[in-house]
Amino acid sequence: MNTTLPAKHVFPALQQKIKGHNLIWLDSASTTLKPQPVIDAVYQYYAQCSANVHRSVHTPGEEATAAYEGSRETARQFLHAKSTTEIIFTAGTTDGINLLATSLSRGMLQAGDAILITQLEHHANIVPWQMLRDHHGIELRVAPISDKGDIDLEAFQAMLTPNVKLVAFSALSNAIGTVLPIKEMIQMAHRIGAWTLIDAAQAVATMPMDVQELDCDFLVCSGHKMFGPTGIGILYGRETLLEKLPPARTGGDMIKSVTFEKTTFNDLPAKFEAGTPNIAGAIGLAAAINFLATVPFHDIQKHESALVASAQEKLAEIPGLRFIGTPRQQMAIVSFLIDNVHPHDAGSLFDDDGIAIRAGHHCAQPLMQHFQVPATIRLSFSLYNEENDIIKVVDSMKRIIEVFA
Amino acid sequence: MTQAADLYQDIILHHSRAPRHFGQLEQHSHHIKADNPLCGDSYELFLQIDDQGIIRNATFQGAGCAISKASTSLMLDAIIGKSIQEAEELFIHFQRLVKEPGSPESQDESMGKLAAFSGVWKFPSRVKCAILSWHAMHDVLHHN
């Protein structure tokens, strides 16, 4: 038993009963549970001041601004960015990618330029680029993966032709748990002068993301997949690039001066944050980062790797079960199918035992097409899961198989 | 407490394991796709509707969860031999049966085997599964 892991009671949601059973949360890849310090931080903002930021001279306004900008500094340290000017608060990963895509579409990319993604991507890292393809004449390329679910680096390299301007890929597949060799891929992309975007939505709660060490140009993540609130995320951008990018959204806060003839945009990071931001979300995110800092990533990975290995071992004994995705390095996520049991039916029946799993395509339909399956059953682990959860899943699974036998 | 296991009544399990009217219908007047991208359920329906507006024959093929497959199988059982108007009326009744608590249809013996779906409303995420093929059929008949 690892002593650095937080006690389960830190997560109030785990104290609830589902159909008479203690909740077993195996859907952290969808969203993680929230620890008490995060809930408290959000509550305190609304209870104590809830003033707007960057506007008011009154004390509550000053305090709100200090808390919001303090959260930006916490986020900067978390991602090891050089400056808080590189930390843009967004509504989440999807929002961050859309923001970047919109900004890039405003003169930064030309018809004939190409964007390279991988077959492992979440819809959030596919559809925004399709919009650029369809409306701006940008070519969209997809690097293939192997039958096991690993990126084909040779094919990836071959697709890196000089007209590729952006390479966007996830650090950790949300559907099958593949860990991508992102540092190597960033270096390959930089050799041809392409910008790189890391979708770290799934990775941030499991592995450290150091943007300077990775040398990526952009990185996006979501608060709610790392113990923070929903509706908040981070877009990291290299300052020299963010300076060049035009705003994606306009309005209050992102301006220095406005006349009906002309507007001067604000400096970074405000240039990309129009309107009243998600202040409570940013404060909650900072609380989540501080919470995460109490557990070394090494311990989280050790814990989750042990759970993945145990799940693979125990599930492999179930007749008719086959794993979807068996990559070289797999983290936090196990996806599988069982003969004659549709994932959705399994999901409903797991719920009878208080077990929350995800059944579906995991917002990665092209990846499902690659494996020629409509959906999978996905278990995703976090630091509050334990060996007993897997034992209960296996017991429940056997009962479910009997229903459809 | 409502158990999801109650959803899987024998008749539903039976029709999901061994669906009736399964396969392609060579002679058809309507070819319909019923897809639920959320869970990947995907069926093709074949209807043979004659000049008088009577559904003479119908089949389906494809893959999906037990609820959607059994629902499609039982739907075809119920509509074969019926007029378009009768099938449309049944669609309205079935929709109420799976969506509304304590619907009149849940007490209506004329719903026959379809009554097996009367508990689906307790599981809002599964209503779409039960109604998938019905909606696809309705979309076509409605415009017929």
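A few points on the structure. Only a predicted model underlies this, so the values are computations on that prediction, with no experimental measurement involved. (Residues numbered from 1 in each chain as written. Chains lettered and ligands numbered in written order. Predicted model: local features only at pLDDT ≥ 70, side-chain atom pairs only at ≥ 80, totals over all residues. Heavy atoms only, no water.)

### Describing the overall build of chain A
Next, step 1: Helix and strand counts for chain A stand at 13 helices and 17 strands.
Next, step 2: In summary, chain A has a C-alpha radius of gyration of 22 Å against a globular reference of 22 Å for 405 residues, a match within 12%.
Next, step 3: Overall, the C-alpha framework of chain A stretches about 70 × 55 × 35 Å when taken along its three principal axes.
Next, step 4: Considering chain A as a whole, with its 405 residues, one finds that 58% of them fall into the buried category.
Next, step 5: Long-range contacts, defined here as pairs at least 24 residues apart, represent 71% of the contacts in chain A between residues at least 6 apart.
Next, step 6: Carbon and sulfur atoms make up 53% of the accessible area of chain A, which totals about 16,000 Å². (Helix = DSSP H or I, 4+ residues; strand = E, 2+ residues; numbered from the N terminus. Rg over C-alpha atoms; globule rule 2.2 N^0.38 Å. Buried < 20%, exposed > 50% of the residue type's maximum accessible area, 1.4 Å probe, protein only. Contact = heavy atoms within 4.5 Å. Areas by Shrake-Rupley, 256 points an atom, 1.4 Å probe, with all protein chains shown as cover.)

### A closer look at helix α2 (residues 59-79) of chain A
Next, step 1: An ideal rise of 1.5 Å per residue puts 30 Å on 21 residues; α2 of chain A measures up with 30 Å between its terminal C-alpha atoms.
Next, step 2: His80 of chain A, located one to two residues past α2 of chain A, shows a positive phi value of around 55°. (Expected span 1.5 Å × (residues − 1).)

### Side note on unusual backbone geometry
Residue and element names in this part refer to chain A.
Next, step 1: Between Leu268 and the following residue, Pro269, the backbone shows a cis peptide bond with an omega angle of -5°.
Next, step 2: Among the structural elements, Pro269 can be located in the loop between β12 (263-265) and α9 (279-292).
Next, step 3: The backbone phi angle of Phe227 is positive, close to 75°, even though this residue is not glycine.
Next, step 4: Among the secondary structure elements, Phe227 is positioned in the loop between β9 (218-222) and β10 (233-237).

### Re the nonpolar core
Next, step 1: Counting 88 residues, the largest nonpolar core has Met209 and Leu219 of chain A as the members making the most contacts within it.
Next, step 2: Take this core: its biggest share by element is ten residues, from α9 of chain A.
Next, step 3: Composition of this core by domain shows at least three residues from each of domain 1 (8-30 + 296-403) and domain 2 (39-292) of chain A.
Next, step 4: When near neighbours in sequence (up to four residues on either side) are disregarded, Leu219 of chain A contacts Leu79, Leu197, Ile198, Ala200, Met209, Val211, Ile234, Leu235 and Tyr236 of chain A.
Next, step 5: In terms of nonpolar packing, the next biggest core, distinct from the first, is built from 72 residues, Ile318 and Leu321 of chain A together with Ile79 and Met111 of chain B among them. (Core = buried A, V, L, I, M, F, W, Y, C linked by side-chain atoms within 4.5 Å. Domains from an automatic or database assignment.)

### What to know about the packing of aromatic side chains
Next, step 1: The tally for this structure, following the rule as stated, stands at 13 aromatic pairs over all chains.
Next, step 2: Between the aromatic rings of Phe11 of chain A and Phe291 of chain A, the centroid separation amounts to 5.7 Å while the plane-to-plane angle is 85°, which identifies the pairing as edge-to-face. One end of the pair, Phe11 of chain A, is in the segment before β1 (17-18); the other, Phe291 of chain A, is in helix α9, and 280 residues separate them in sequence.
Next, step 3: With relative accessibility at 7%, the residue Phe291 of chain A sits in the buried group.
Next, step 4: Consider the rings of Phe94 of chain B and Phe117 of chain B, whose centres lie 5.5 Å apart with planes at 75°: the pair is edge-to-face. On the criterion of sequence distance, the pair formed by Phe94 of chain B in helix α3 (residues 84-99) and Phe117 of chain B in the loop between α3 and α4 (124-142) is long-range, its members being 23 residues apart.
Next, step 5: Assessed through its relative accessible area of 0%, Phe117 of chain B is described here as buried. (Phe/Tyr/Trp six-rings, centres within 6.5 Å; stacked < 30°, edge-to-face > 60°.)

### A few points about the environment of Phe371 of chain A
Residue and element names in this part refer to chain A.
Next, step 1: Mapped onto the elements, Phe371 comes out in helix α12 (residues 365-371).
Next, step 2: Exposure remark for Phe371: the relative accessible area of 13% places this residue in the buried category.
Next, step 3: Linking Phe371 and Gly149, residues 222 residues apart in sequence, is a C-alpha distance of 8.8 Å.
Next, step 4: The residues contacting Phe371, other than those within four sequence positions of it, are Ile145, Asp147, Lys148, Gly149, Ile176, Ile324 and Gly325.

### Section: the pattern of salt bridges
Next, step 1: Taken as a whole, this structure holds 23 salt bridges over all chains when the rule is applied.
Next, step 2: Taking the shortest distance from any N to any O, the salt bridge between Glu105 of chain B and Arg96 of chain B comes out at 3.0 Å.
Next, step 3: Using a relative accessible area of 3% as the deciding quantity, one classes Glu105 of chain B as buried.
Next, step 4: By sharing partners, the salt bridges in this structure join Lys19, Asp351 and Asp352 of chain A into a single network. (Salt bridge = Lys/Arg side-chain N within 4 Å of Asp/Glu carboxyl O.)

### Overview of the interface of chain A and chain B
Next, step 1: With 15 residues of chain A at the interface, the matching set in chain B holds 19 residues.
Next, step 2: For the chain A and chain B pair, buried surface summed over both sides reaches about 1,400 Å², with 55% attributable to carbon and sulfur atoms.
Next, step 3: Counting the contacts that link chain A with chain B gives one salt bridge.
Next, step 4: For the salt bridge of Arg126 of chain B with Asp345 of chain A, the shortest nitrogen-to-oxygen distance reads 2.8 Å.
Next, step 5: For the interface between chain A and chain B, the tally reads eleven residue pairs in polar contact (both at pLDDT 80 or more).
Next, step 6: Elements that contribute at least two residues to the side of chain A that touches chain B include exactly α11 (343-352) and α13 (387-404) of chain A.
Next, step 7: In terms of residue count, the dominant contributor to the side of chain A that touches chain B is α11 of chain A (five residues). (Buried area = accessible area lost by both parts, 1.4 Å probe. Polar contact = N/O pair within 3.5 Å; in protein donor to acceptor, adjacent residues only side chain to side chain.)

### Things to note about the packing of α2 of chain A against α9 of chain A
Two quantities define a packed helix pair, namely the angle between the helix axes and the distance between the axes.
All names here are of chain A.
Next, step 1: Close contact between α2 and α9 brings their axes to 9 Å; oriented N to C, the two are set at 40°. Taken as axis vectors, α2 and α9 run oblique relative to one another. With respect to the hand of their crossing, α2 and α9 are arranged in left-handed fashion. Contacts between α2 and α9 involve Ala67, Tyr68, Ser71, Thr74, Ala75 and Phe78 from the first element and Ile279, Ala282, Ile283, Ala286, Ile289, Asn290 and Leu292 from the second.
Next, step 2: A class-by-class count of the residues in the contact of α2 with α9 yields ten nonpolar, three polar and no charged. (Axes fitted to C-alpha atoms, helices over the stretch in contact; angles between N-to-C directions. Parallel < 35°, antiparallel > 145°, perpendicular 65-115°, else oblique. Left-handed = near helix turned anticlockwise from the far one by under 90°. Nonpolar A, V, L, I, M, F, W, Y, C, P; charged D, E, K, R; others polar.)

### Some points on the sheet that holds strand β14 (residues 333-338) of chain A
All names here are of chain A.
Next, step 1: Taken in spatial order, the four strands of this open sheet run β13-β14-β17-β16, and their pairing is antiparallel. Each edge of the sheet is formed by a strand with only one pairing partner; in this case those strands are β13 (321-323) and β16 (358-360). Strand-to-strand twist in this sheet, taken as the mean axis angle between neighbours without regard to direction, amounts to 30°.
Next, step 2: Pairing between β14 and strand β17 (residues 376-380): four bridges, direction antiparallel. Of the residues in β17, the one forming a bridge with Ile333 is Ser380.
Next, step 3: Here α11 sits on the sheet in contact with β14, β16 and β17, set at roughly 45° to β17. (Pairing = 2+ DSSP bridges.)

### With respect to the packing of helix α10 (residues 297-316) of chain A against α13 of chain A
Residues and elements named next belong to chain A.
Next, step 1: Here α10 crosses α13 at 25°, and the two axes come no closer than 10 Å. Our classification of the angle between α10 and α13 gives roughly parallel. Between α10 and α13 lies a crossing whose hand is right-handed. Together, Leu307, Ser310, Ala311, Lys314 and Leu315 of α10 and Glu387, Ile390, Ile391 and Val394 of α13 make up the contact between the two elements.
Next, step 2: Class assignment for the residues of the contact of α10 with α13 results in six nonpolar, one polar and two charged.

In short, geometric facts, not functional conclusions.
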